[in-house]
Amino acid sequence: MSHTPSGLSRRQFLKGLTMAGAASLLPLRLLMPYTAQASTAFNAKDFQIFRNACPRNCYDTCSIKTYVKDGVVQFIEGAPESTFTAGGLCVKGYAYPRRVYSPDRIKYPMVQDGRRSGNWRRVSWDEAMDRIAKKILEIKEKDGSLLGLGLTKYSGNFGITNYGVEGMMSSLGYTTRFVGTPCWPAGIDAQNYDLGDMWCNDPEDMVKARYVIVWGANPAWCSVHSMKYIMEAKRRGAKVVVIDPVFTQTAAKADVFWQPETSSDGALALGMARHILDKGLTDKGFVTENALGFEEFAAYLRENVTVEWAAEVSGIPAEQIREVAEEFATADPATIWIGYGMQRHTNGGASVRAIDALVAMTGNVGKEGGGARYGHLRTWGFNYHALLQKQPEGSVGFVGAGGPKGEFDFTKGGAASYTDRTFNINKTAQGILDAKDPAIRMLWVSCKNPFAQDFDRPKLEKAFDTLELVVTVDQFFNETVANSDIVLPVTTLFEEWTVNVSYWHYWLGINEQAIKPMYETKSNIEIASLLSKRMNALAPGSCTFPQDIDTREWLEKEFNQGIYDSFGIKHWTDLRNGPVKARLASTASWHDMKFGTPSGKYEFRSDLCREHGHEALPKYKEGRKPYDAFRLLTPHTKFGLHSQFINLDWMHEYNKEPFLYMHPDDARAKNINDLDTVRVFNKVGEVRLKVKLTRNVAPRSLVMYEAWFGRGNDFNVQNLVDDEAADMGAYKTGAPGVAIHDQFANVERV
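Residues numbered from 1 in each chain as written. Predicted model: local features only at pLDDT ≥ 70, side-chain atom pairs only at ≥ 80, totals over all residues. Heavy atoms only, no water.

A. View of the confidence of the model for the protein. Looking at the protein as a whole, its pLDDT mean stands at 93, while 93% of the residues score no less than 70. Residue range residues 1-9 is modelled with pLDDT below 50. Its contacts to residues more than four positions away, or to other chains, number 15 contacts. The low-confidence segment residues 16-33 (pLDDT under 50) makes 27 contacts with residues lying over four places distant or belonging to another chain. (pLDDT = per-residue confidence, 0-100. Contact = heavy atoms within 4.5 Å.)

This is the structure we're talking about:
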């Protein structure tokens, strides 16, 4: 069956883009109406309306209203009940219906005869499960354990029931897991050392701020709904400062834009702190009553930091540093949004600690409209029913006290005789190559596209070539699927039941099954139940995952009284009336001044941080030394989330190909002209693409946005990004982060 909705959905998509402010980027011809005829008046009664929630790894986690007619998603909009989503979606969100009905969608289980051959053939679910189950049993027979079975999964779908992927692996036995996160780990550790947890203010209270610094974030692209709070704060008189190595769309809205040397953020924050200290603008009440180690921090600043030094390191003039520091310290309240990009460095955790200290010493912690905003997991207290599955009796695993870990691991399990074996998710290729006794023979990939997201792509290809079987669960034929033997088609958000919360705002949204699953797609937990059925048919007792499940019932099993009380609902079905927000004693995190640190106070000096091999004080840590002519930055694009959405034909209409962005002065020295095809290369590999010259990019820097894939283009930034580790992340997420923005490369015209 193949059905593509008519132009109605596309028109709604363009209407949505206009609302999101993205339509100005479209080619003009796309904005012309196809006809001049008036459309039929909208009547909500003509549609079935469902509640959905965007499950992507995104600040906004939008609540969605989905309009269905005759079993087809006709259009979607942001849920008006959520003051955060406020009836609107981003450009990616409005493209969701196209994901469902894209002709490029994977429709059936398929087997590839020869990896990267493209010789795919359709098989039945029974045939696919039989081949997978027999391989798992073969591994168990050869190795005496299932440590030869690996799982790499991350944030492609944050619906809570999708943790059933990890549950499926546990139900098979002790396996090998790739743990940690490429996203935000260094900052999580930093905030845990300083505050005792990662906990941010409600983003909606940014309107109360009198001074807003957006440091290394670009919400105009990556959190569009947060921009209205920044702009409202500005309308009320707040000054907005954006600090970013790239002149972004967010920076264009700021009163002040700083373009510092990349990875000099720690020096900049410490220089501001020194000036605040010298001017006597420290909040003495906070640092005396609610903090530990401030005098030691102050002594460090006096002995080691000057504004002139910070200016030299960062490239920001000393007078500007003094001016902004004074304004920040005297505004009440003042806040800093710490972006995830700025901690993706070898000194990223140390830099976040320096910024935390800047916020704390000015008394802006625990204050509505203030705060060092990074993220939170305070509303994630589900049962994790799908995740928590028991290993079969007699399972043998890795001997040790470790086991899987991650920022979303809420299991808090006790010590066990055996655990899973773990490798750093940011070194997937190296982990596969290093795994011995036993080697990883089979890899299960879900909710992730390693070839687009993992680092050192050439090494990853070599690593995949050592695997005996690769199974990928996905919706589209991407490069990871091309490097797989079996692909299993998975449902979109409109085709499954689950529930979502955010790591940024405080809203809870249900995700209803709005339409029947297209083609032969299945949800992750349905796939797990199918595998369990086949495993137990071949070897009774070999898998504990339930063999017959009702996904709606499994959704209900994720709720508990704590969730109901936190959100003020009696039952999850109340969410069918719209999303609800957590009941907050205050919009300010740490409003009670009871910090989660060992001392119970804000810790300028963290002995725990020192025990973990870092500095006790938030001292300056130098960044990675350049190893090539230009710094290479590969931030997120506006039109995709990693590799998701980027392949849709709707996106290709106005994002036809990737480009390299380069400063004109650098280009002139290299005899490169606008739109020339260039070769960007370094020790990892190379890519070839056209160049656009712009002064939005700092000199000696190259920028290319993270992902693009589609027919006739093999662009992949991971051909240039190595897996160098960030300084922090292991404490709370199980593995260090990765220095995505500490990369260097050269360029030449071809």
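That covers the picture; the talk isn't over yet.
B. Here's a closer look at helix α11 (residues 294-304). When we look at burial in α11, the residues that qualify are Phe294, Phe297, Ala298, Tyr300 and Leu301. Around the axis of α11, the buried residues are gathered within 155° of arc, so they sit on the same side. Within α11, the exposed residues directed more than 90 degrees away from the buried face are Glu295 and Glu303. (Buried < 20%, exposed > 50% of the residue type's maximum accessible area, 1.4 Å probe, protein only. Helix = DSSP H or I, 4+ residues; strand = E, 2+ residues; numbered from the N terminus. Arc of directions from axis to C-beta.)

C. Local environment of the pattern of salt bridges. Applying the stated criterion across every chain, the model contains 55 salt bridges. Among the salt bridges present, the one from Glu479 reaches Arg457, with a minimum N-O distance of 2.6 Å. Note that Glu479 is positioned in helix α18 (residues 479-482) and Arg457 in helix α17 (residues 457-464), a separation of 22 residues in sequence. On the accessibility criterion, Arg457 (14% relative accessible area) is buried. The partner of Lys533 in a salt bridge is Asp548, and the shortest N-O contact between them spans 3.4 Å. Residue Lys533 is located in helix α19 (residues 524-538), and its partner Asp548 is located in the loop between α19 and α20 (551-556); the two are separated by 15 residues in the primary sequence. Judged by relative accessible area, Asp548 falls into the exposed class, the value being 66%. A network of salt bridges, in which partner residues are shared, links Lys135, Glu138, Lys142, Asp143, Arg441 and Glu468. (Salt bridge = Lys/Arg side-chain N within 4 Å of Asp/Glu carboxyl O.)

D. Region of interest: the pairing of strand β3 (residues 72-78). Buried residues dominate β3, accounting for six of its seven residues. Note: strand β2 (residues 63-69) against β3, six bridges, orientation antiparallel. From the neighbouring strand, Lys69 faces β3, where its bridge partner is Val72. Linking two consecutive strands that pair antiparallel, namely β2 and β3, is a turn of two residues; a positive phi of about 55° is found at Asp70 within it. (Pairing = 2+ DSSP bridges.)

E. Looking closely at the environment of Ser171. Turning to its location among the elements, Ser171 is positioned in helix α5 (residues 164-172). What makes Ser171 buried here is its relative accessible area of 0%. With 220 residues separating them in the primary sequence, Ser171 and Gln391 have C-alpha atoms 4.7 Å apart. Here the side chain of Ser171 touches Met168 through a polar contact of 2.6 Å, landing on its backbone oxygen. (Polar contact = N/O pair within 3.5 Å; in protein donor to acceptor, adjacent residues only side chain to side chain.)

F. Examining the sheet that holds β3 more closely. Sheet architecture is open: three strands sit in the order β1-β2-β3, paired in antiparallel fashion. Edge strands, defined here as strands with exactly one partner in the open sheet, are β1 (48-53) and β3. On average, each strand axis in the sheet is inclined to that of its neighbour by 30°, with strand direction left out of account. (Axes fitted to C-alpha atoms, helices over the stretch in contact; angles between N-to-C directions.)

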